[in-house]
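Descriptive analysis of the structure
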Amino acid sequence: MTESLLIKPFRTPARGVAQIPGSKSITNRALILAALAEGETLLTGALFSRDTKILIQSLRTLGFKILDDEVAGTIRVQGMAGNIPAKEGSLHVGNAGTAARFLTAFLALSHQGKYAMDGDVAMRARPMSGLLNSLASSQTFAYTAEGKPAQAFPFILQTSGQLKDLTVDASASSQLLSALLMVLPLRAGASVKMSGETVSEPFVVMTEKMCAQFGRPLSRDTQGRWFCPNPGAYLSPKIYPIEPDATAASYFIALPAVTGKDACVRLQGYQPQGLQGDTAFAEVAKQYGADIRFEGDSAIVHSWSDLRGGDFDFNQFSDTFLTLATLAPLANKPTVIRQIAHTRKQETDRLLAMATELNRLGVKVEPSPEALQADTSLSSLTIYPSREALLKTAKKGPTSIHTYEDHRMAMSFGILGSYDLLGDGTPWIKIEDPSCTGKTFPRFFEALEALRSRFVTIAIDGGAASGKSSTARAVAQHLGLMHVDTGAHYRTLTVGLLKANALPTNIASVEKALAQFKLGSALRGFSSHCLLNGKIASEAEIRSPEVNAMVSAFAALPVVRNYILNYQRSQVELAQASGFAGLIMEGRDIGSVVLPQATLRIFLEADAEARRLRRSSEGQSDSIVQRDLLDSTRTAAPLICPQGAVRIDNTKLSLAEVVQEIEGLIAPALHVS
Ligand code: CDP
Ligand code: CDP
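What comes next is a walk through the structure. (Residues numbered from 1 in each chain as written. Chains lettered and ligands numbered in written order. Predicted model: local features only at pLDDT ≥ 70, side-chain atom pairs only at ≥ 80, totals over all residues. Heavy atoms only, no water.)

Concerning the packing of helix 17 (residues 486-499) against helix 21 (residues 558-569)
Here is the rule: Axis definition: a line fit to C-alpha positions, over the contact stretch in the case of helices; interaxial angles, taken between N-to-C directions, run 0 to 180 degrees. Runs of H or I in DSSP of at least four residues are treated as helices and runs of E of at least two as strands, each being numbered from the N terminus. Angular relationships are summarised with four words: roughly parallel below 35 degrees, roughly antiparallel beyond 145, roughly perpendicular across 65 to 115, and oblique for the angles in between. Left-handed describes a crossing whose near helix is turned anticlockwise from the far helix through less than a right angle; right-handed describes the clockwise counterpart. Residue contacts are defined here by distance: any two heavy atoms, one from each residue, within 4.5 Å place the two residues in contact.
Packing of helix 17 against helix 21 leaves a shortest axis separation of 11 Å and a crossing angle of 130 degrees. Classified by the angle between their axes, helix 17 and helix 21 sit oblique to one another. Our pair here, helix 17 against helix 21, has a crossing hand that is right-handed. The segment helix 17 lies against helix 21, with Thr486, His489, Tyr490 and Leu493 engaging Val560, Arg561, Tyr563, Ile564, Tyr567 and Gln568.

Some points on helix 13 (residues 387-394)
Filter applied, for reference: Here's how the labels work: a residue is buried when its accessible area is under 20% of the maximum for its type, exposed when over 50%, partly exposed in between, all with a 1.4 Å probe on protein chains only. Comment: arc refers to directions from the helix axis out to C-beta atoms.
Of all the positions in helix 13, only Ala389, Leu390, Thr393 and Ala394 are classed as buried. Around the axis of helix 13, the buried residues are gathered within 135 degrees of arc, so they sit on the same side. Projecting away from the buried face of helix 13 at angles above 90 degrees are the exposed residues Glu388 and Lys392. Those residues of helix 13 hidden inside the fold are in contact with helix 11 (350-360) and strand 23 (399-401).

A closer look at the nonpolar core
Worth spelling out the cut-off: We define a nonpolar core as any set of buried Ala, Val, Leu, Ile, Met, Phe, Trp, Tyr and Cys residues linked to one another through side-chain atoms lying within 4.5 Å.
Counting 76 residues, the largest nonpolar core has Phe252, Ile253, Leu267, Trp304, Phe314 and Phe413 as the members making the most contacts within it. Counting residues per element, this core draws most heavily on helix 8 (residues 246-258), which supplies 10 residues. With residues up to four places along the chain from it excluded, the contact list for Trp304 reads Ile253, Ala254, Pro256, Ala257, Ala285, Tyr288, Gly289, Ala290, Asp291 and Leu327. Within the second largest apolar cluster, 75 residues are counted, among which are Val93, Leu166, Leu177 and Leu218.

Some details on unusual backbone geometry
Both trends apply: most residues other than glycine have a negative phi, and most peptide bonds are in trans. Omega for the bond connecting Phe153 with Pro154 falls within 30 degrees of zero, at -5 degrees, which places this linkage in the cis form. On the secondary structure map, Pro154 appears in the loop between strand 8 (141-143) and strand 9 (155-158). Here Glu366 and Pro367 are connected by a cis peptide whose omega angle stands at -5 degrees. Position of Pro367 among the secondary structure elements: in the loop between strand 21 (364-366) and helix 12 (369-374). Phi is positive for Lys238, which is not a glycine, with a value near 70 degrees.

Quick word on the sheet that holds strand 7 (residues 114-118)
We apply this condition: By this definition, two strands are paired if DSSP reports at least two bridges between them.
The sheet built from 4 strands is open, its strands ordered 6-7-9-8 with mixed pairing. Strands with a single pairing partner mark the edges of an open sheet, and in this sheet they are strand 6 (88-92) and strand 8. Neighbour-to-neighbour, the strand axes of the sheet open up by a mean angle of 20 degrees, direction not taken into account. Pairing of strand 6 with strand 7, which is carried by 5 bridges, proceeds in the parallel orientation. Opposite Glu88, over in strand 7, you have Lys114 as the bridge partner.

Thoughts on the site of ligand 2
Note the cut-off: Neighbouring residues are identified by heavy atoms, a residue being near a molecule or strand if any of them is within 4 Å of it. Here a polar contact is taken to be a pair of N or O atoms separated by no more than 3.5 Å, where protein atoms must pair a possible hydrogen donor with a possible acceptor and residues adjacent in sequence count only if both atoms sit in side chains. Gly counts as polar in this scheme, as do all residues outside two lists: the nonpolar Ala, Val, Leu, Ile, Met, Phe, Trp, Tyr, Cys and Pro, and the charged Asp, Glu, Lys and Arg.
By nearness alone, 16 residues border ligand 2, and Lys468, Ser469, Ser470, Arg615 and Glu618 come closest of all. Interatomic distance of 3.1 Å between a backbone N/O atom of Ser466 and an oxygen atom of ligand 2. Listed by contribution, the elements that provide at least two residues to the shell around ligand 2 are helix 16 (468-479), helix 24 (608-617) and helix 26 (655-670). For the shell around ligand 2, the residue count by class is 5 nonpolar, 7 polar and 4 charged.

Let's talk about the pattern of salt bridges
Worth spelling out the cut-off: Here a salt bridge means any side-chain nitrogen of Lys or Arg lying within 4 Å of a carboxyl oxygen belonging to Asp or Glu.
This model, assessed by the stated rule, comprises 25 salt bridges. A salt bridge links Asp51 to Lys24, with the shortest nitrogen-to-oxygen separation between them at 3.1 Å. A residue pair is termed long-range when its members are at least 10 positions apart, and Asp51 in helix 2 (residues 50-61) and Lys24 in helix 1 (residues 24-35) qualify at 27 residues. Among the residues examined, Asp51 registers a relative accessible area of 14% and is labelled buried. Glu449 is the partner of Arg452 in a salt bridge, and the nearest nitrogen-oxygen pair spans 2.8 Å.

Concerning the packing of aromatic side chains
Under the convention used in this document: Planes of paired rings set the category: under 30 degrees apart is stacked, over 60 is edge-to-face and the rest tilted, where pairs are Phe, Tyr or Trp rings (Trp by its six-membered ring) whose centres lie within 6.5 Å.
All chains considered together, the criterion is met by 14 aromatic pairs. Arranged with centres 6.3 Å apart and planes meeting at 80 degrees, the rings of Tyr288 and Trp304 form a pair that is edge-to-face. Residue Tyr288 is located in helix 9 (residues 280-288), and its partner Trp304 is located in the loop between strand 18 (298-302) and strand 19 (310-313); the two are separated by 16 residues in the primary sequence. Each member of the pair, Tyr288 as well as Trp304, is classed as buried. Judged by centre distance (5.4 Å) and plane angle (80 degrees), the rings of Phe441 and Phe444 are edge-to-face. Members of the aromatic cluster, joined through ring pairs, are Tyr251, Phe252, Phe441, Phe444 and Phe445.

Remarks on the side chain of Arg266
The test is simple: In this tally, Lys and Arg are treated as positive and Asp and Glu as negative; His is ignored, and so are the chain termini.
Relative to the helices and strands, Arg266 is located in strand 16 (residues 264-267). No salt bridge is formed by the buried Arg266, whose closest oppositely charged neighbour, Asp297, lies at an N-O distance of 4.7 Å. Polar side-chain contacts of Arg266 include one of 3.0 Å to the backbone oxygen of Ser578. When residues no more than four places from it in sequence are discounted, the contact partners of Arg266 are Gly16, Val17, Ala18, Ser298, Ala299, Ile300, Leu523, Ser578, Gly579 and Phe580.

Structure, rendered in structure tokens:
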């Protein structure tokens, strides 16, 4: 018996940072490019799924040094500048199409190598011949255990290390072409041409863009032949952030359409001009009524103004058609979804599956499921909205949605079920086999649940090196809160005041300098940084010995504290407008002066010796005892543990333990049951 999951409608607006996994296509391309680069690359926001783990393991087998941290979402790759350390090896690629194709072309770079390659039964049936035939023209041969030429897995790859003028038939899969494009720059004079057309053009564009990001842009000549005008090993970008998966993001673009008028969801790192073709869904959603704002490196989705219906061609981003189709029953007008014939041969016949399940909810669709069954060439779907029809079905109890082992069916109907159709929170949709989301998004339903949250404000105070910043930063990232380090505000002001030759003993000089300052904020990741006259002061500047020596003296002045107070309080609105689930602010007077009404106030302490050791192990020259004394004895907003604050002595606790304790305190306030 497959289990099922009853979807609980949202009775409060969805809010918070959507926990979207990294893109698989980008993660696997980045692994190959980083391995072929000179120097080390840190991939952040990477996807850890079956397919990416296979590629990581294969690269290790080939002698590459790779350190991965699944909790942090990072992979550290030691590039070998185009060399492949192991000249022999045995690789198993499972059913990972990208790993299978990318590794085969990658190995062709090995001089006189011999590799035994295999995959799952399903992989053995998947197309490889276009790639293998192409490589054969450059003396890299695949043959079977019997020594005959091989056209598919398993095979033994005998490599030459050369790449000449290649021609590839990539009609079966664009990955066959992408695999070759990525190795082109490593051999001067190499080129690739397609013998016909390929499907999924956006993925070829993704490959081209990523080659350029790793320092080796490709060009195409008048015959359509790709080559690298400036060949060589890839150049490591040092840190390479993987974009969140754009298809997975579509569910969280859709969620604010169905969860009340103050919904606000943040898609961290989502960029419309990014590498993934499925970001085109954002444009369709906007035409439909979505309120999506792109700010900095992220997108913020507010409640949709409308659900307009309309006529859309989903051919180039068809994985997202299911997301729109499940909103369509709530629209004001019918929705037509066109050009999705190829989705009838994916995880399931998606067009038929969608029509059948919408029908099950009482929704009228054209063609009908029967017509679709009879004619497999039909390629579009019209959905006629009717709340009355949905209500009539819902009143009989929750409808069980069949998911056909298709993760996208489960996720899109999960969004529709989040709509409070009956107005009293009664569930009306049940998802069968919810664990089928594991293919691309194992924690989808947890990510959905995490957006059922209330806006919280968390104040953290404590002495120097008591662990405020590192703790607050980790909590912010885990719970989707905006982090504000007010110590950095005072340090930034100190940089400016020192530049203006102001002295803490000369109030007039301080006032004069402050009058010239203009403050602003810029979001970097989960932290809001203070802009002084349009600029963020660097870490080196704000933590210099001069600033360490002077910051507490300036911070003790009421004129300085009053100057910054409203700015600090305004961070609450910034966090709200930016879709965060709350704000976590740390400093010396947050629970007592800046946010005395905070949802939760925490006071961190650790004994002086532990704190001195922490600072010195960071290599900072900083007299924290002296600073603490100044901070706690000053008259204006001294460092105190405010009444009612939770005191946590972390002298003997690890960072992870403090973080866990604080998250446990926040959770009941944050989550709406
Ligand atoms: O990182 P560390 O704890 O050493 O210091 P910080 O948080 O960067 O703060 C630097 C200085 O700014 C503190 O020593 C205080 O003098 C001042 N500060 C303050 O007065 N009030 C705050 N809310 C935060 C910092
Ligand atoms: O912001 P604040 O000055 O209060 O301290 P911090 O910069 O967050 O922490 C100072 C150092 O102590 C960092 O290197 C932390 O990783 C470390 N730390 C620790 O070892 N154990 C803790 N429980 C908290 C912080």
